[in-house]
Every structure is written in C-alpha cells, then in structure tokens.
Amino acid sequence: MTSFPAGLRMARRGDEDRLFALFMTAHAENGYGDVDQPHVRAIIGRACVGDRVVIALAEGPERIEAAIGLHPEKRWYSTDDPKNYYSSDLLIYVHPLHRRSRHAIKLLQFARY
C-alpha cells in the first residue's frame, strides 16, 4: 500500500472558508459558467466532515496552497454495488503562487492512494 503523501492532509472542520477561496481562485482561472456558491460550500462542507467527498490539501502559512477533491461516481447504467464506483475529481488545483512547488505531484500521488 502506498503511504499518504507527506505535506498533505485531509480537509477538516475549520477549512471551509479557505477552501472556498481556493475553489473560487480555481474557477476564476479555469472555470466556465456561473458558480452555485451554496452548492460549492455544501460540497466543501461534506468533505470537511467525511461525507462521501474527500479533499486533500497542502496547507501553507498564508493560504491553502493546493487541493484535490474527489467524490464517488458510477456509470449511469451500473447498479449501486460498491464495486461499480470510482473516484471522480472535483478539482485538482495548485494556487498560482505555489506552482514551483511539488504540490501537483503530491496531489496526483494522493489520487492513486
């Protein structure tokens, strides 16, 4: 089994506002369409309490520097058997001020974890 990447941790209560800020930065750079802010906050909230959504993050002294969000998904034709689910990404994002770090590599390592 692969070990959890050093420098990352799971989102937890208290991270909601800083994660939301990172998600909005990601949308401003890469997103399209409108943002349903209450829905984004609800998904972040679910991740912070471990409710079928996971977010691993790299925390810095000034901001959350990078994050990967994953949620369970299945093909539209599949049954609800757990074997049919896979992890689908919400986002994989490194804040522009931290792109010379190794955060992206750690996020991808987490996705394999």
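Residues numbered from 1 in each chain as written. Predicted model: local features only at pLDDT ≥ 70, side-chain atom pairs only at ≥ 80, totals over all residues. Heavy atoms only, no water.

(A) Up close: the pairing of strand β2 (residues 54-59). Sheet topology note: the strand β1 (residues 9-10)/β2 ladder contains 2 bridges and is antiparallel. Considered in β2, the bridge of Met-10 is made with Ala-56. In this structure, β2 lies alongside strand β3 (residues 64-74), joined through 6 bridges in antiparallel fashion. By the bridge assignment for β3, Ala-56 is matched with Ile-68. In sequence, β2 turns back onto β3 through a hairpin of 4 residues. (Pairing = 2+ DSSP bridges. Helix = DSSP H or I, 4+ residues; strand = E, 2+ residues; numbered from the N terminus.)

(B) The packing of aromatic side chains, seen in detail. All chains considered together, the criterion is met by 2 aromatic pairs. Each ring, one from Phe-4 and one from Phe-110, has its centre 5.4 Å from the other, and the planes form 80°; the classification is edge-to-face. Taken together, the positions of Phe-4 in the segment before β1 and Phe-110 in helix α3 (residues 103-112) put the pair 106 residues apart, joining distant regions of the chain. Of note, Arg-41 hangs over the ring of Phe-20, and the distance from its end group to the ring centre comes to 3.8 Å. Sitting over the ring of Tyr-85, Arg-52 keeps its end group 5.8 Å from the ring centre. (Phe/Tyr/Trp six-rings, centres within 6.5 Å; stacked < 30°, edge-to-face > 60°. Lys NZ or Arg CZ within 6 Å of the ring centre and 35° of its normal.)

(C) Structural detail: the packing of helix α1 (residues 16-30) against helix α2 (residues 37-48). In the contact formed by α1 and α2, the axes pass within 10 Å of each other and the chain directions differ by 130°. In terms of orientation, α1 lies oblique with respect to α2. When the axes of α1 and α2 are compared, the crossing they make is right-handed. Where α1 approaches α2, its residues Glu-16, Asp-17, Leu-19, Phe-20, Phe-23 and Met-24 are matched on the opposing element by Gln-37, Val-40, Arg-41, Ile-44 and Cys-48. Partitioned by chemical class, the residues of the contact of α1 with α2 number 7 nonpolar, 1 polar and 3 charged. (Axes fitted to C-alpha atoms, helices over the stretch in contact; angles between N-to-C directions. Parallel < 35°, antiparallel > 145°, perpendicular 65-115°, else oblique. Left-handed = near helix turned anticlockwise from the far one by under 90°. Contact = heavy atoms within 4.5 Å. Nonpolar A, V, L, I, M, F, W, Y, C, P; charged D, E, K, R; others polar.)

(D) Seen up close, the pairing of β3. Pairing analysis gives 9 bridges linking β3 to strand β4 (residues 85-94), with the strands arranged antiparallel. Residue pairing for β4: His-71 is matched across the bridge by Ser-88.

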